[in-house]
Amino acid sequence: MHLRKRVLVTGGAGFLGSFLCERLLQEGCDVICCDNFYTGSKRNIAPLLSNPYFEVIRHDITFPLYVEVDEIYNLACPASPVHYQNDPVQTTKVNVHGAINMLGLAKRVRAKILQASTSEVYGDPAVHPQTEDYWGNVNCTGLRSCYDEGKRCAETLFFDYHRQHKLNIRVVRIFNTYGPRMHPNDGRVVSNFIMQALTGRDITVFGEGRQTRSFCFVDDMIEGFLRMMNHSDGFTGPVNLGNPHEFTILELAERVIRLTGSRSKIVFKPLPADDPTQRRPDISLAKQKLGWQPTIELAEGLPRTIDFFKDFLKAPRLLQGLSHS
Ligand SMILES: NC(=O)c1ccc[n+]([C@@H]2O[C@H](COP(=O)([O-])OP(=O)(O)OC[C@H]3O[C@@H](n4cnc5c(N)ncnc54)[C@H](O)[C@@H]3O)[C@@H](O)[C@H]2O)c1
């Protein structure tokens, strides 16, 4: 007999996954972290290993997995363009085959399953801010398509399993999230700027830096995941989770320079292909259904993230490689 809820977190050794595993253990769950360590790191979950209710399985979810669980959080997928474009075929596979495998597992054991979808399903949006009923503006043959279309197909699979097999699904569309444990070399704007500032390199801003992003601190995002999973009236989503407070990329660069006291200079480079010019969630649905909204603004979250990267740079060289599994 299982008194504790048994929860599977795929991608549990990644940035968001490791915080989610930690939080679920705090909530008294029995947690299985499944990861192939493609972008995740053993360091992220090292403090959890001594917990008897925490278990790690090295496994690639493009292959079936057989475990008995009550809930599944499906987070496995490289999230930054540098990583997901490194092996685009595998990116589509992890999104599509991975989703099929996890949905098959959920169907077999009658588990509730949450999909970590993304604001990228809106592509380069023609509507601002983005509400869940906007269908998106996605290029299906571009460099970002493996991720964008992979995540869109995963959503389709989730809703078809829900309609066809009555699976209890939850879909969250995650907007830009940042915080400690982000990968230092993943090219995401927050980690990029902080690393450049702390190492005294030029800060690279693409285009004129007028494109906007909204940044959600990781603790807020994890709270959103739990509220969505625990929601009782069968609310499937999709629901946007993110911070609606918009900043231009240039403003972010200037803030990072100020907070780190860096002497780095800002340099401008051409915009990459399909880079969205504006991205901001409409979180009315999350507020209404989940009573959720971000509570940690950039002024608080950015210094906490900078502290993480300062510690990272102080760590021995051995720990600093790109593949730090
Ligand atoms: N961080 C964000 O801003 C953001 C925004 C939108 C969506 N998301 C989604 O949230 C999820 C987590 O993102 P993250 O920022 O923590 O990224 P991350 O790269 O840190 O974590 C992804 C994890 O999945 C693992 N993984 C990759 N392929 C796998 C496979 N085939 N089998 C098993 N494990 C595999 C990686 O090793 C890593 O630990 C992803 O699905 C991502 O698409 C994140």
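Residues numbered from 1 in each chain as written. Predicted model: local features only at pLDDT ≥ 70, side-chain atom pairs only at ≥ 80, totals over all residues. Heavy atoms only, no water.

> Quick question: what am I supposed to make of the overall build of the protein chain here?
Along its length, the protein chain carries 10 helices and 13 strands. In terms of overall dimensions, the protein chain is globule-like: its C-alpha atoms have a radius of gyration of 19 Å, near the 20 Å expected for 325 residues. The buried share of the protein chain, taken over its 325 residues, is 54%. For the protein chain, long-range pairs separated by at least 24 residues make up 80% of all intrachain contacts whose partners lie at least 6 apart in sequence. Of the accessible surface of the protein chain, which amounts to about 14300 Å², a share of 52% is contributed by carbon and sulfur atoms. (Helix = DSSP H or I, 4+ residues; strand = E, 2+ residues; numbered from the N terminus. Rg over C-alpha atoms; globule rule 2.2 N^0.38 Å. Buried < 20%, exposed > 50% of the residue type's maximum accessible area, 1.4 Å probe, protein only. Contact = heavy atoms within 4.5 Å. Areas by Shrake-Rupley, 256 points an atom, 1.4 Å probe, with all protein chains shown as cover.)

> So what exactly am I meant to see when it comes to the state of the cysteines here?
Here is the idea: a disulfide is a covalent bond, and it sits between the sulfur atoms of two cysteines. The full count for this structure, using the stated rule, is 0 disulfides. Cys33 supplies the cysteine sulfur nearest to Cys21, a cysteine that is in no disulfide, at a spacing of 4.6 Å. According to the relative accessible area criterion, Cys21 is buried, its value standing at 0%. (Disulfide = S-S within 2.5 Å.)

> Looking at this structure, how should I read the site of the ligand?
Taken together, 30 residues lie around the ligand, and Asp35, Thr39, Tyr147, Lys151 and Arg188 are the ones closest in. Between an oxygen atom of the ligand and a main-chain N or O atom of Phe15, the distance comes to 2.9 Å. Interatomic distance of 2.7 Å between a side-chain N/O atom of Arg188 and a nitrogen atom of the ligand. Isolated, the ligand exposes 820 Å² of accessible area, and the fraction of that covered by the protein chains is 97%. Looking at the shell around the ligand, the elements with two or more residues in it are α1 (15-26), α4 (88-109), β5 (112-118) and α5 (145-165). With 3 residues, the top contributor of residues to the shell around the ligand is β5. Grouping the constituent residues of the shell around the ligand by class yields 15 nonpolar, 11 polar and 4 charged. (Near = heavy atom within 4 Å. Polar contact = N/O pair within 3.5 Å; in protein donor to acceptor, adjacent residues only side chain to side chain. Nonpolar A, V, L, I, M, F, W, Y, C, P; charged D, E, K, R; others polar.)

> Looking at this structure, how should I read the environment of Thr236?
By the element assignment, Thr236 lies in the loop between α7 (218-230) and β11 (239-241). Take Thr236: its relative accessible area is 13%, and that puts it in the buried class. For the pair Thr236 and Asp35, spaced 201 residues apart in the sequence, the C-alpha separation amounts to 25 Å. In contact with Thr236, not counting residues within four places along its chain, are Phe159, His162, Ile169, Arg170, Val171 and Met228.

> Where do I start with the pairing of strand β1 (residues 6-10) in this structure?
Here is the key point about a regular strand: its side chains alternate between the two faces of the sheet. Taking burial as the measure, the 5 residues of β1 include 5 buried ones, the bulk of the element. In this structure, β1 lies alongside strand β2 (residues 30-35), joined through 5 bridges in parallel fashion. In the strand pairing of β2, Thr10 is matched with Cys34. Read from β1 through α1 to β2, the crossover connection turns out right-handed. One ladder, built from 4 bridges, connects β1 with strand β4 (residues 71-74); its direction is parallel. (Pairing = 2+ DSSP bridges. Right-handed = clockwise from strand over helix to strand, strands pointing away.)

> Got a minute to help me understand the packing of aromatic side chains in this structure?
When we look at a pair of aromatic rings, we describe it by the centre distance and by the angle of the planes. Evaluation of the coordinates by the stated rule reveals 7 aromatic pairs. The interplanar angle of 20° and the centroid separation of 6.0 Å between the aromatic rings of Tyr122 and Tyr134 together place this pair among those described as stacked. Placement of the pair is Tyr122 in the loop between β5 and α5 and Tyr134 in the loop between β5 and α5, with a sequence separation of 12 residues. Each member of the pair Tyr122 and Tyr134 is classed as buried. A connected cluster of aromatic rings, assembled from ring pairs, spans Tyr122, Tyr134 and Phe175. The aromatic ring of Tyr53 is capped on one face by Arg4, whose charged end is 3.5 Å from the ring centroid. (Phe/Tyr/Trp six-rings, centres within 6.5 Å; stacked < 30°, edge-to-face > 60°. Lys NZ or Arg CZ within 6 Å of the ring centre and 35° of its normal.)

> When you look at helix α8 (residues 249-260) in this model, what are you seeing that I'm missing?
For an α-helix, the turn length of 3.6 residues means that residues three or four places apart are oriented alike. For α8, with 12 residues, the first-to-last C-alpha span of 17 Å sits near the 16 Å given by 1.5 Å per residue. Within α8 the residues assigned to the buried category are Ile249, Leu252, Ala253, Val256, Ile257 and Thr260. Seen from one end, α8 has its buried residues packed into an arc of 135°, which puts them on one side. Elements in contact with the buried residues of α8: α6 (189-198), β8 (203-206), β9 (212-214), β12 (246-248), β13 (266-269) and α10 (298-314). (Expected span 1.5 Å × (residues − 1). Arc of directions from axis to C-beta.)

> Any chance you could explain the sheet that holds β1 here in plain terms?
Two orientations exist for strands paired in a sheet by backbone hydrogen bonds: parallel and antiparallel. Strand order in the open sheet formed by 7 strands is β3-β2-β1-β4-β5-β6-β11, with parallel pairing between adjacent strands. Strand pairing shows two members of the sheet lacking a second neighbour, β3 (54-58) and β11, which therefore form its edges. This sheet shows a mean twist of 20° between the axes of neighbouring strands, independent of strand direction. Contacting β1, β4, β5 and β6 (169-174), α4 runs over the sheet at an angle of about 170° to β4. Against the sheet, α5 touches β5 and β6, its axis set at about 155° to β5. (Axes fitted to C-alpha atoms, helices over the stretch in contact; angles between N-to-C directions.)

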